[in-house]
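# Architecture at a glance
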Amino acid sequence: MNRVVRFAPLAVLLLFVAVVAWRLTMPEDTRVRSRMTGQPVPEFALAAATDGVPGLSSKDFATGGPRLVNVFASWCVPCIAEAPLLMELNRRGVSIDAIAVRDKPADVAEFLERHGNPFERIGADPESRVQIALGSSGVPETFVVDGRGIIRYQHMGPIEPGDVPSLLREWEKAR
Amino acid sequence: MKRWLLILALISAPVRSDSDLPAARWANEQLPDPRQEAAARALMEELRCLVCQGQSIADSDAELAGDMRALVRQRIAAGEEPEEVRAWLTERYGDWVSYRPPVEPLTWPLWVAPLIMLAAGALLLRKRFRRRG
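This report concerns the structure included in the present document. Note that the coordinates shown come from a computational prediction; the quantities given were computed from them, not determined experimentally.

Rules used in this analysis
- Residues numbered from 1 in each chain as written.
- Chains lettered and ligands numbered in written order.
- Predicted model: local features only at pLDDT ≥ 70, side-chain atom pairs only at ≥ 80, totals over all residues.
- Helix = DSSP H or I, 4+ residues; strand = E, 2+ residues; numbered from the N terminus.
- Contact = placed C-beta atoms within 7 Å.
- Nonpolar A, V, L, I, M, F, W, Y, C, P; charged D, E, K, R; others polar.
- Core = buried A, V, L, I, M, F, W, Y, C linked by C-beta atoms within 7 Å.
- Buried ≥ 20, exposed ≤ 12 C-beta atoms within 10 Å, placed from the backbone.
- Pairing = 2+ DSSP bridges.
- Axes fitted to C-alpha atoms, helices over the stretch in contact; angles between N-to-C directions.

### Things to note about unusual backbone geometry
Residues and elements named next belong to chain A. Cis peptide bonds are those with omega within 30 degrees of zero, and the linkage from Val139 to Pro140 qualifies with -10 degrees. Despite not being glycine, Ala62 has its phi angle at roughly 55 degrees, a positive value. Note on placement: Ala62 falls in the loop between strand S2 (56–57) and strand S3 (67–72). Phi at Ser128 is positive, roughly 55 degrees, even though this residue is not glycine. Turning to its location among the elements, Ser128 is positioned in the loop between strand S5 (119–125) and helix H4 (129–133).

### Observations concerning the interface of chain B and chain A
With 22 residues of chain B in contact, the opposing surface of chain A contributes 19 residues. Secondary-structure elements contributing two or more residues to the side of chain B that touches chain A are helix H3 (63–77) and helix H4 (82–93) of chain B. When residues of the side of chain B that touches chain A are assigned to their parent elements, the largest contribution, six residues, is made by H3(B). Residues that form the side of chain B that touches chain A fall into these classes: eleven nonpolar, four polar and seven charged.

### Comments concerning the nonpolar core
Grouped together as the largest cluster of nonpolar side chains are 39 residues, with contacts concentrated most on Phe72(A), Ala73(A), Ala98(A), Ile99(A), Ala100(A) and Ile122(A). At five residues, the largest contribution of residues to this core is made by strand S4 (residues 96–101) of chain A. In terms of nonpolar packing, the next biggest core, distinct from the first, is built from 22 residues, Cys49(B), Val72(B), Tyr93(B) and Val97(B) among them.

### Concerning the sheet that holds strand S6 (residues 141–145) of chain A
All names here are of chain A. Read across the open sheet, the five strands follow the order S5-S4-S3-S6-S7; overall the sheet is mixed. The sheet terminates laterally at S5 and strand S7 (151–156), the two strands that pair on one side only. Ignoring strand direction, the axes of neighbouring strands in this sheet form an average angle of 20 degrees. Bridging between S3 and S6 involves five bridges; their strand directions are antiparallel. Considered in S6, the bridge of Val69 is made with Phe143. Where helix H5 (residues 164–173) meets the sheet, it contacts S3, S6 and S7, and its direction lies at approximately 170 degrees from that of S7.

### Some thoughts on the environment of Glu45(B)
Residues and elements named next belong to chain B. As for its placement among the helices and strands, Glu45 is situated in the loop between helix H2 (34–44) and H3. The class of Glu45 is exposed, set by 12 C-beta atoms lying within 10 Å. Along the sequence, Glu45 and Gln55 sit ten residues apart, while their C-alpha atoms lie 8.9 Å from each other. Leaving out residues up to four positions away in the same chain, Glu45 has contacts with Ser56 and Ala58.

Structural data, given as structure tokens:
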């Protein structure tokens, strides 16, 4: 008994080291995923974020075909990185809409001019209201919405080249 | 050279990662009705910021936290109960967004643990006093 008790602190220490080593090598995923996947797009109507591109409302979904909704901002650096990949997805026939979070019309226009415009509609979300209603926790994020207006998939963070096939797959699945 | 680099690093502006827009109207402005403001404030202290994940939205300077504060104030001013607002956010972000965990089988240990520890402490104390007496 006594001998067991004597080694108890060592056991506790080893357990502690093991837990720390495990979390250091496999960091926890701290992203907060939206619980809205599987739910219909919440009702909203956003004005146009910039001249020449119409605004976005929840009525633009449930029109038969799947759509991508890109939550982005002109002030967001990773959004620049994913811009060419959105263009590529658009070239492959994916219809994409966007929500511009906390943005100014002139800045959005400049962003589109510099990085291309793969979006059919862009809604301005100056107080992040629709972003929060969608359960999105940052920019950029991309949602796949099916033809009945149900959110099917959420991609968090910038789209990287390796994410294109999985996004295309999710888009195909939402058809 | 090194010193100059250091000085340059100190005075250069950080990379822009926030928008240019000012905070939403109700992000930092109190509601005119003190009772509503108190209710909103109490709720804000129990909602977790999605950006600075260890802070409440009442404490966080993140823009999204400001927009969440505005949302809480607007909804409470419109007559919603704080618990309705919490439920609306939980629907979107899960229990994660609230600092008040719900009482359900999964969280029972969380609620029961303090009681068990108190009981264990009382038991230890009793043993000790008995030995002395």
